[in-house]
Amino acid sequence: MMEQVYGNVEYELSKTSGNERRRVSTDVSVQSVRQRNPLSSKDSLKFLLAALGLLLLCALVALCVLGILYHNKGVSYEALSEQYSSVVERLSVQERITDETEREYDALKLKYRKTHEALSNCSECQKCALCGEGWSPFGVKCYNFSTDKLNWTMSRDDCAEKGGHLVIITSQAEQDFVSSRVGEHHWIGLNDLDTEGKWVWVNNQTLNETGVTFWFKRTNHPDEPDNWTQMDPSGENCASLGDENGNTNKWFDAYCHKLKKYICEMQNTFA
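Residues numbered from 1 in each chain as written. Predicted model: local features only at pLDDT ≥ 70, side-chain atom pairs only at ≥ 80, totals over all residues. Heavy atoms only, no water.

What is the right way to read helix H3 (residues 152-161) from this model?
Note: α-helices contain 3.6 residues per turn, so residues at a spacing of three or four share the same orientation. All of the buried residues along H3 are Trp152, Ser155, Asp158 and Cys159. What you see down the axis of H3 is that its buried residues fit within an arc of 120°, all on one side. Packing partners of the buried residues in H3 comprise strand S4 (165-166), strand S5 (186-191), strand S7 (238-241) and strand S9 (261-267). Between the side-chain oxygen at the start of H3 and the backbone nitrogen of Thr153 there is a gap of 3.2 Å, and the oxygen is on Asn151. Downstream of H3 by one or two residues, Gly163 has phi in the positive range, about 95°. (Buried < 20%, exposed > 50% of the residue type's maximum accessible area, 1.4 Å probe, protein only. Helix = DSSP H or I, 4+ residues; strand = E, 2+ residues; numbered from the N terminus. Arc of directions from axis to C-beta. Contact = heavy atoms within 4.5 Å. Polar contact = N/O pair within 3.5 Å; in protein donor to acceptor, adjacent residues only side chain to side chain.)

Honestly, the side chain of Glu265 in this entry has me stumped. Any pointers?
Within the fold, Glu265 resides in strand S9. A polar contact is formed between the side chain of Glu265 and the backbone nitrogen of Ile168, at a distance of 3.4 Å. Excluding residues that lie within four positions of it along the chain, Glu265 makes contacts with Trp135, Lys141, Cys142, Tyr143, Gly164, His165, Leu166, Val167, Ile168 and Glu174.

How should I be thinking about the packing of aromatic side chains in this particular structure?
Applying the stated criterion across every chain, the model contains eight aromatic pairs. Measuring from ring centre to ring centre gives 4.9 Å for Phe216 and Phe252, while their planes differ by 25°; the resulting arrangement is stacked. With a gap of 36 residues between them, Phe216 in the loop between helix H5 (207-210) and S7 and Phe252 in strand S8 (residues 251-254) connect regions that are remote in the sequence. Members of the aromatic cluster, joined through ring pairs, are Trp199, Trp201, Phe214, Trp215 and Trp251. (Phe/Tyr/Trp six-rings, centres within 6.5 Å; stacked < 30°, edge-to-face > 60°.)

Written as structure tokens, this is what we have:
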């Protein structure tokens, strides 16, 4: 009986010791974990702070770069805006100058035509003109009406050899004068040999510059110049006063190789 009791006591003691050992062991493990966890949290916090600092530094650098770019963009925009305004202002001034020059040119051209017509109709000027043999005075010019026939190029050269050039008609009075002196078609100093449709006189003046034209007009057919190509693929590139049908008071385009009489002119001299 005593042995049984003693044995039970010894069992309880051994049981109690085991529990105490397990509790002590558990306490040691928890304390060990608690000691390790604070160290791990501090390291993580340091790492996070370092990462946040690096991110803030990158953000600051990015903001600085963006600020510099925005500043440069603003400066460039202002400079381009000033340059644009300056160019627009210069163009506006140049346009005004061009308009004024064109108006002055048109006024001078009109004055020239009026003066030329007045001189052409001046009988006193014609009386004192010295044109030389074979030349007829009219206004400020002398005219020679050929008797032989040449193509347009040879006519031009012959007039130059005589000291003048193929006639350049710049007024209604001059047109009426030369028309009244011819009975058939004659070459005049007008052509579009260089550029089709761009008619120029032998002194390089365009029809827009001289301001007068006397092309033949038709009712149901194209007006002159019509650049007829049936007989010559190169077209009609030289102008004549009159045509083969006896119309001697208007201009016609014709084949330059055709043989025609021609009219020369030169400035006259006064006694």
